[in-house]
Amino acid sequence: MQDIRRNNVERFKGFGTLYDQNRPAAPTEVVDILTNYLGSKPRLVADVGCGTGLSSWIWLNEAERVIGVEPSDDMRAVAESKWEAAGKPDHLRFVSGLSHELGLPDGSVDIVTCSQSFHWMEPQSTLREFARVLRPGCIFAAYDCDWPPVVDWQLEQAYLHLNTEADHRAASLAPQENQAHKWSKDGHLQQIQQSGLFRYSREIVFHHRETFDADRYVNLALSQGGLQTAVKLGATDLLEVADEFRQLATRIFAGESRQVLFSYRMRLGIV
């Protein structure tokens, strides 16, 4: 298990800036939904697997304190750089940590979130840790968007082809002991329910739109971990497929910006 955790952290090495500049911001619906369930302004939000902090900043004015927990030094460095540029707000901080060892006191957290990250965490030990740090009646929420985002069927098909091919190449090139492991997102709710740690659980679906041009849409695809991993392992021929994808995106966007639809699924549990 230790090797799996290390490999999952290493998967995100070297492309924190690309990730941060092109991934969608966390939707404000997350704050609305979870604050409504909590019934008050959260005293402490722990955003676990926070990456470059995209999912932490939405809580800046919505919680008394926010902690972004991220094991990847590369990703966390981007988050800390933005934090410094914003004047180092003292109620937000970023720390190194793993989901099963948060280093927070028992019953100290109101909301734990995992944005696009819970599938990289061993679920049983992680859920036990989340239940430990949450106050009674408080909330864990894992939320993910569907890939690819909605814009044009031909471009979406090419997006899927590029990343499916990249995942296959990464799996074939990496030694078994160095491969990252994903747990199925479709199993998140079942993991929460079967843990026996939460009195209430459910899935919530919502949507979010952001403005993209061709470059951002292409870079969004390039920020997927499978492609980055495959290229780092030597599959440079994938760059030719990526260039074809870029040409298609350029043609479809035709120099304009377009509204791109992201569909989200949130699986939550209340202790």
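The coordinates are above.
Keep in mind it's a predicted model, so treat the numbers as computed, not measured. (Residues numbered from 1 in each chain as written. Predicted model: local features only at pLDDT ≥ 70, side-chain atom pairs only at ≥ 80, totals over all residues. Heavy atoms only, no water.)

**With respect to the nonpolar core**
Phase 1 of the analysis: Within the largest apolar cluster, 75 residues are counted, with the highest numbers of intra-cluster contacts made by Leu 34, Trp 59, Phe 140 and Met 266.
Phase 2 of the analysis: It is strand 5 (residues 134–145) that contributes the most residues to this core, eight residues altogether.
Phase 3 of the analysis: Setting aside residues no more than four positions away along its own chain, Trp 59 makes contact with Val 30, Val 31, Leu 34, Thr 35, Pro 42, Val 45, Val 66, Ile 111 and Thr 113. (Core = buried A, V, L, I, M, F, W, Y, C linked by side-chain atoms within 4.5 Å. Buried < 20%, exposed > 50% of the residue type's maximum accessible area, 1.4 Å probe, protein only. Helix = DSSP H or I, 4+ residues; strand = E, 2+ residues; numbered from the N terminus. Contact = heavy atoms within 4.5 Å.)

**Some points on unusual backbone geometry**
Phase 1 of the analysis: Of the consecutive residues Trp 147 and Pro 148, the connecting peptide bond is found in the cis state with omega at -5°.
Phase 2 of the analysis: Mapped onto the secondary structure, Pro 148 falls in the loop between strand 5 and helix 6 (153–173).
Phase 3 of the analysis: Here the phi dihedral of Lys 88 falls at roughly 50°; this positive angle occurs in a residue that is not glycine.
Phase 4 of the analysis: Here Lys 88 shows up in the loop between helix 4 (73–85) and strand 3 (92–95).
Phase 5 of the analysis: The exposure class of Lys 88 is partly exposed, given its relative accessible area of 47%.

**Some thoughts on the side chain of Gln 116**
Phase 1 of the analysis: Within the secondary structure, Gln 116 sits in the loop between strand 4 (109–115) and helix 5 (123–133).
Phase 2 of the analysis: A relative accessible area of 14% places Gln 116 in the buried class.
Phase 3 of the analysis: Here the side chain of Gln 116 touches Cys 145 through a polar contact of 3.4 Å, landing on its backbone nitrogen. (Polar contact = N/O pair within 3.5 Å; in protein donor to acceptor, adjacent residues only side chain to side chain.)

**Quick notes on the pattern of salt bridges**
Phase 1 of the analysis: This model, assessed by the stated rule, comprises 13 salt bridges.
Phase 2 of the analysis: Ionic pairing is found between Arg 169 and Asp 237, a salt bridge with its closest N-O pair at 2.8 Å. One end of the pair, Arg 169, is in helix 6; the other, Asp 237, is in the loop between helix 9 (225–232) and helix 10 (238–253), with 68 residues separating them in the sequence.
Phase 3 of the analysis: Judged by its relative accessible area of 21%, Arg 169 falls in the partly exposed class.
Phase 4 of the analysis: Through salt bridges with shared partners, a single network forms among Asp 146, Glu 203, Arg 265 and Arg 267. (Salt bridge = Lys/Arg side-chain N within 4 Å of Asp/Glu carboxyl O.)

**Comments concerning the environment of Thr 35**
Phase 1 of the analysis: Position of Thr 35 among the secondary structure elements: in helix 3 (residues 28–38).
Phase 2 of the analysis: For the pair Thr 35 and Ile 139, spaced 104 residues apart in sequence, the C-alpha separation works out to 9.6 Å.
Phase 3 of the analysis: Every residue in contact with Thr 35, bar those within four places of it in the chain, is listed here: Ser 40, Pro 42 and Trp 59.
Phase 4 of the analysis: A distance of 2.8 Å separates a polar atom in the side chain of Thr 35 from the backbone oxygen of Val 31.

**Some words on the side chain of Asp 110**
Phase 1 of the analysis: Within the secondary structure layout, Asp 110 lies in strand 4.
Phase 2 of the analysis: When sequence neighbours within four positions are dropped, the list of residues in contact with Asp 110 reads Leu 38, Pro 42, Arg 43, Leu 44, Leu 134, Arg 135, Cys 138 and Ile 139.

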